[in-house]
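Each chain, letter by letter, is given below.
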Amino acid sequence: MIKNNNGFGGKEVLAVSVICLILAAVLLTTSLKSSNHEKFKVLEYNARFFGSSATTYQMENSNDQIYMVELVDNEMFSKIENPFGDEKYCDVNESKVDYDQGKKYVTLRCGEYLIDHQDLSAQKFNIYKVSDWTLEKKDEDMQEFVSYNYKQDGQDGFNEIYSEKLFLYAFNKKMEKEYHSISEIPSEFGVYQKKLYRTKTLVDTVENKEAEKEEK
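Counting restarts for each chain: residues are numbered from 1 in the order of the written sequence. With the structure being a predicted model, the display of local features is reserved for residues of pLDDT at least 70 and the display and counting of side-chain atom pairs for 80 or more, all residues being used for whole-chain, interface and lining totals. Computation of side-chain values covers all heavy atoms of the structure but excludes hydrogens and water.

### Notes on the overall build of the protein chain
Summing up its helical and strand segments, the protein chain has 5 helices and 10 strands in all. Using a 1.4 Å probe on the protein chains alone, a residue whose accessible area is under 20% of its type maximum counts as buried, one over 50% counts as exposed, and one in between counts as partly exposed. Taking all 216 residues of the protein chain together, the buried fraction comes to 35%. Contacts between residues were defined by any pair of non-hydrogen atoms, one from each residue, lying within 4.5 Å. Considering only contacts in the protein chain between residues 6 or more positions apart, those separated by 24 or more positions represent 57%. For the protein chain, the computed accessible surface area is about 13,800 Å², with 48% contributed by carbon and sulfur atoms. In DSSP terms, a helix is any run of H or I states spanning at least four residues, a strand is any run of E spanning at least two, and both are numbered starting from the N terminus. In these tables, accessible area is a Shrake-Rupley quantity obtained with a 1.4 Å probe, and a residue counts as shielded only by the protein chains included in the view.

### Thoughts on the sheet that holds strand β2 (residues 96-100)
Judged by pairing direction, the sheet is antiparallel, and its 6 strands sit side by side in the order β1-β2-β3-β4-β5-β10 without closing on themselves. For this open sheet the edge positions go to β1 (65-67) and β10 (200-207), each flanked by a neighbour on one side alone. In this sheet, neighbouring strand axes are inclined to one another by 20° on average, regardless of whether the strands run parallel or antiparallel. Criterion used throughout: strands pair if DSSP finds at least two bridges between them. The pairing of β2 with strand β3 (residues 103-110) spans 5 bridges and is antiparallel. Residue pairing in the sheet places Y99 in a bridge with K104 of β3. Angular values range over 0 to 180 degrees, each being the angle between N-to-C directions of two axes fitted as lines to C-alpha atoms, with helices fitted over their stretch in contact.

### Describing the pairing of strand β5 (residues 124-130)
Examined bridge by bridge, strand β4 (residues 113-119) and β5 share 2 bridges and lie antiparallel to one another. When the sheet's bridge partners are listed, Y113 is paired in β5 with K129. In this structure, β5 lies alongside β10, joined through 7 bridges in antiparallel fashion. Across the sheet, the residue bridging to I127 is D204, located in β10.

### Topic: the nonpolar core
Counting residues in each nonpolar core, the largest one holds 40 residues, and the members touching the most others are L43, F50, L108 and F167. Secondary structure elements with two or more residues in this core: α1 (10-53), β1, α3 (68-73), β2, β3, β4, β5 and α4 (164-175). Per-element accounting of this core gives the leading share, 5 residues, to α4. Those residues in contact with L108, other than ones at most four positions away along the chain, are L43, N46, A47, M68, I80, C90, S95, Y113, L114 and I115. Grouping buried Ala, Val, Leu, Ile, Met, Phe, Trp, Tyr and Cys residues that are joined through side-chain atoms within 4.5 Å yields what is termed a nonpolar core.

### Re the packing of aromatic side chains
Aromatic pairs are defined between Phe, Tyr and Trp rings, using the six-membered ring for Trp, whenever the two ring centres lie within 6.5 Å; interplanar angles under 30 degrees are classed as stacked, those over 60 as edge-to-face, and all others as tilted. Inspection of the entire model under this criterion finds 16 aromatic pairs. Each residue in the set Y148, Y150, F158, Y162, F167, F171, Y179 and F189 is aromatic and connected to the rest through ring pairs, giving one cluster. The rule is short: NZ of Lys or CZ of Arg within 6 Å of the ring centre and within 35 degrees of the ring normal puts a charge over the ring. Across from the ring centre of F125, 4.0 Å away, lies the NZ or CZ of R48, which sits over that ring.

### Some thoughts on the side chain of Q65
Relative to the helices and strands, Q65 is located in strand β1. A residue is classified by how much of its surface remains accessible, and Q65, at 16% relative accessible area, is buried. The definition of a polar contact used here is a pair of N or O atoms within 3.5 Å, where within protein one atom must be able to donate a hydrogen and the other to accept one, and adjacent residues in sequence count solely through side-chain atom pairs. Polar side-chain contacts of Q65 include one of 3.5 Å to the side chain of Y67. Here Q65 is in contact with E70, K96, V97, D98, Y99 and K165, once residues within four sequence places are set aside.

### Regarding unusual backbone geometry
Phi is positive for H117, close to 45°, though the residue is something other than glycine. Locating H117 in the fold gives a position in strand β4. Taking relative accessible area as the criterion, H117 reaches 42% and is therefore assigned partly exposed.

### Quick notes on the state of the cysteines
Cysteine sulfur atoms that pair up within 2.5 Å are treated as a disulfide. A full pass over the atoms with the stated rule returns 1 disulfide. Bridging C90 to C110, the disulfide has an S-S length of 1.9 Å. Between C90 and C110 the sulfur-sulfur dihedral comes to about 90°; the bridge is accordingly right-handed. With C90 in the loop between α3 and β2 and C110 in strand β3, this residue pair connects regions lying 20 residues apart in the sequence. Across the pair, C110 and C90 agree in class, each one buried.

Any link to function would need more than the numbers given here.
This is the structure we're talking about:
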């Protein structure tokens, strides 16, 4: 066996190197998880803040669903910076607050991470990682979504993905109309819908012990 100046053989040096690499990988993984968890806490805080901020607008409009884009358009709320850095701001079109029987449920998407229809009074918020929307359903467990758009000169009128309610809001704003349902929109606009799919995986849970006290 060939030994180096310190008296270690080649196999021993290799074994030590492998152990060091494994330890480094474990430390890096732990560091990244810790870093992500801190960002998830920021996401949770922003979701609670957004959910609370929508109350005034909801009381004025009596809607059971308020999208962030509506608040931004009415200068009642500023866009939320994305803590994960892949995009500058959180998604104003997917982020929303739902009101049901006196309870508030918040949805906030920032980049590839999502808080989905979370009871605002809950102490724990689930954090999900989601893929981009696709036309192909590769798995039965994929999340399904019906999006709406219309045709203008043979092209899609919007580049964004809209739910039924948000499409109606965006269409009325663009056309300066006040349609109350999609069925009222003239057929010449060629409104259509399509199903989209994505994966949604639970990656963490963030707890806020003070949330329930504040909500009460």
